[in-house]
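# Fold and contact review
If you want the building blocks of each chain, they are given just below.
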Amino acid sequence: MKKIQMVDLKGQYAAIKETVDTTIQEIIDNASFVNGPKVHEFQKNLEDYLGVKHVIPCANGTDALQIAMMGLGLEQGDEVITADFTFAATVEVIALLKLTPVLVDVNPDDFNIDIEALKKAITPKTKAIVPVHLFGQCANMEAIMEIAKEHNLYVIEDNAQGIGATYTYSDGKKAKSGTIGHVASTSFFPSKNLGCYGDGGAIFTNDDDLAHIIRGIVNHGMYKRYHHDVVGVNSRLDSIQAAVLNAKLPLLDSYNKARREAARKYNEAFKGVQKITIPKTINGCEGVCDTCDCHVFHQYTLKVKNVDRDALAKHLNDNGIPCGVYYPIPLHAQKAYKDARYNEADFTITNQLVKEVISLPMHTELDDQQINFITKTVKEFIANN
Ligand SMILES: *Cc1c(COP(=O)(O)O)cnc(C)c1O
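Residues numbered from 1 in each chain as written. Predicted model: local features only at pLDDT ≥ 70, side-chain atom pairs only at ≥ 80, totals over all residues. Heavy atoms only, no water.

Before going further, it helps to spend a moment on the nonpolar core. One broad trend across soluble globular proteins is that nonpolar side chains are buried collectively. Residues Ile-81, Phe-85 and Ile-144 are the most contacted members of the largest nonpolar core, which totals 36 residues. Elements supplying a minimum of two residues to this core: β2 (79-83), β3 (100-104), α5 (115-121), α6 (141-151) and α11 (348-356). A domain split of this core shows at least three residues from each of domain 1 (9-250) and domain 2 (252-384). Dropping the residues within four chain positions of it, Ile-81 is found in contact with Val-102, Val-104, Ile-113, Leu-118, Ala-121, Ile-122, Thr-126, Ala-128, Ile-129 and Val-130. (Core = buried A, V, L, I, M, F, W, Y, C linked by side-chain atoms within 4.5 Å. Buried < 20%, exposed > 50% of the residue type's maximum accessible area, 1.4 Å probe, protein only. Helix = DSSP H or I, 4+ residues; strand = E, 2+ residues; numbered from the N terminus. Domains from an automatic or database assignment. Contact = heavy atoms within 4.5 Å.)

Below, the structure is given as structure tokens:
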């Protein structure tokens, strides 16, 4: 059996090696490293793929979130609501901009922001909501957009884990994740579903004015050369990363399909195992469907009950199976983001999830032998403990 990796980027590279190597060599030969034609080409390709009017490439997913918030003109003291159960980047940029993060609990089944908790957190100071499409499945965007409209709030989708996912509205209408809110951010960090070979990110929006503002912000607030109209940042995608992304974007749907296929096999193996809850797919699809991109499984995350989760993780590691706990500490309990206004009783789900979740290897190169070994090892541990 091949050594099991949490994320296997070498296998993916083998299939696109020729294109990637040739294009990178061209970029070196032409010395067009920054803002070269490859970046523009990728921007157009991603706009077409997503069906969104504007993609603005930038240096990473954290910058993308920050720049989106800067573009919306959010100001010190404005409250921005996001999920307590996510990667810290989401809340970090809110705090960095001196906005006030307001963390709320998530759903126990799909791990995404809890709509009732979100409603309860709205105050006259609330200016924006940041739903995170955690682990590759969209948050309840229909409800979020309704709430945003009612209260006149901006919606910034953190799509770092959801690229390629499709959201289905209650009337059957579909949209790509990251094209529903006023603006969205994504990350091309190597381990993301669409990853480059370094850092990268992008902002998406259908709003022409906002896109114009953001294009200036990523480039030192310049709209005309050496005229700085606003305080901006330096956040660029380089040509080499864009070349890798151009090679991978046409394969994104097949990558996501391979992830769903692995998830389906995991689900089948764990079905009916007491103490294990398999990830729930919502958005109108039951189980893991093969026909749509409702869930792109950035992570395949189980919940275990009445099992020592950390002992299970250690057992897997001891058997050569990498695994991860995303995330072990709720954001509201992190030293940097503690706030006297928070009440533990408002975070019962996140407080529980951080003890129960475990993410198994998930990538495009998992084979049956590896999946069988992983599921057998998990089930044996559960049966004996
Ligand atoms: C990865 C990630 C980010 C940050 O992306 P970087 O490119 O690493 O800066 C932001 N939000 C979420 C939910 C992520 O998973």
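Turning to the site of the ligand, a few remarks are in order. The full set of residues close to the ligand is Asn-60, Gly-61, Thr-62, Thr-86, Phe-87, Ala-89, Val-132, Asp-158, Ala-160, Gln-161, Ser-187 and Lys-192. In this structure, Asp-158 approaches the ligand through a side-chain N or O atom, which is 2.8 Å from a nitrogen atom. Within the complex, the protein chains bury 90% of what would otherwise be the 380 Å² of accessible surface of the ligand. When grouped by side-chain class, the residues that make up the shell around the ligand number 4 nonpolar, 6 polar and 2 charged. (Near = heavy atom within 4 Å. Polar contact = N/O pair within 3.5 Å; in protein donor to acceptor, adjacent residues only side chain to side chain. Areas by Shrake-Rupley, 256 points an atom, 1.4 Å probe, with all protein chains shown as cover. Nonpolar A, V, L, I, M, F, W, Y, C, P; charged D, E, K, R; others polar.)

Take the packing of helix α9 (residues 252-270) against helix α12 (residues 368-384) next. A packed helix pair is summarised by two numbers, namely the angle formed by the two axes and the spacing between the axes. Interhelical geometry of α9 versus α12 gives an angle of 35 degrees and a closest axis separation of 10 Å. Of the two elements, α9 crosses α12, and the hand of that crossing is right-handed. Residues Ala-262, Lys-265, Tyr-266, Ala-269 and Phe-270 of α9 touch α12, and the partners they reach there are Asp-368, Ile-371, Ile-374, Thr-375, Val-378 and Lys-379. In terms of residue class, the contact of α9 with α12 is made up of 7 nonpolar, 1 polar and 3 charged. (Axes fitted to C-alpha atoms, helices over the stretch in contact; angles between N-to-C directions. Left-handed = near helix turned anticlockwise from the far one by under 90°.)

A separate point is the sheet that holds strand β13 (residues 300-304). Remark on secondary structure: sheet strands pair via backbone hydrogen bonds, oriented parallel or antiparallel. Strands sit in the order β12-β13-β14 across an open sheet of 3 strands; the sheet is antiparallel. Edge positions in the sheet fall to β12 (276-277) and β14 (357-360), since each of these pairs with one other strand and no more. In the sheet, β12 pairs with β13 via 2 bridges, with the strands oriented antiparallel. Looking at the pairing, Ile-276 lines up with Val-304 of β13. In the packing of α9 onto the sheet, contacts are made with β12, β13 and β14, and the angle to β13 comes to roughly 20 degrees. (Pairing = 2+ DSSP bridges.)

Here a disulfide denotes one covalent bond, and it connects the sulfur atoms of two cysteines. For the coordinates displayed, the defined rule picks out 0 disulfides. With no disulfide partner, Cys-138 has as its closest neighbouring cysteine sulfur the one in Cys-294, 9.5 Å distant. (Disulfide = S-S within 2.5 Å.)

In short, shape yes, function no, at least from these values alone.
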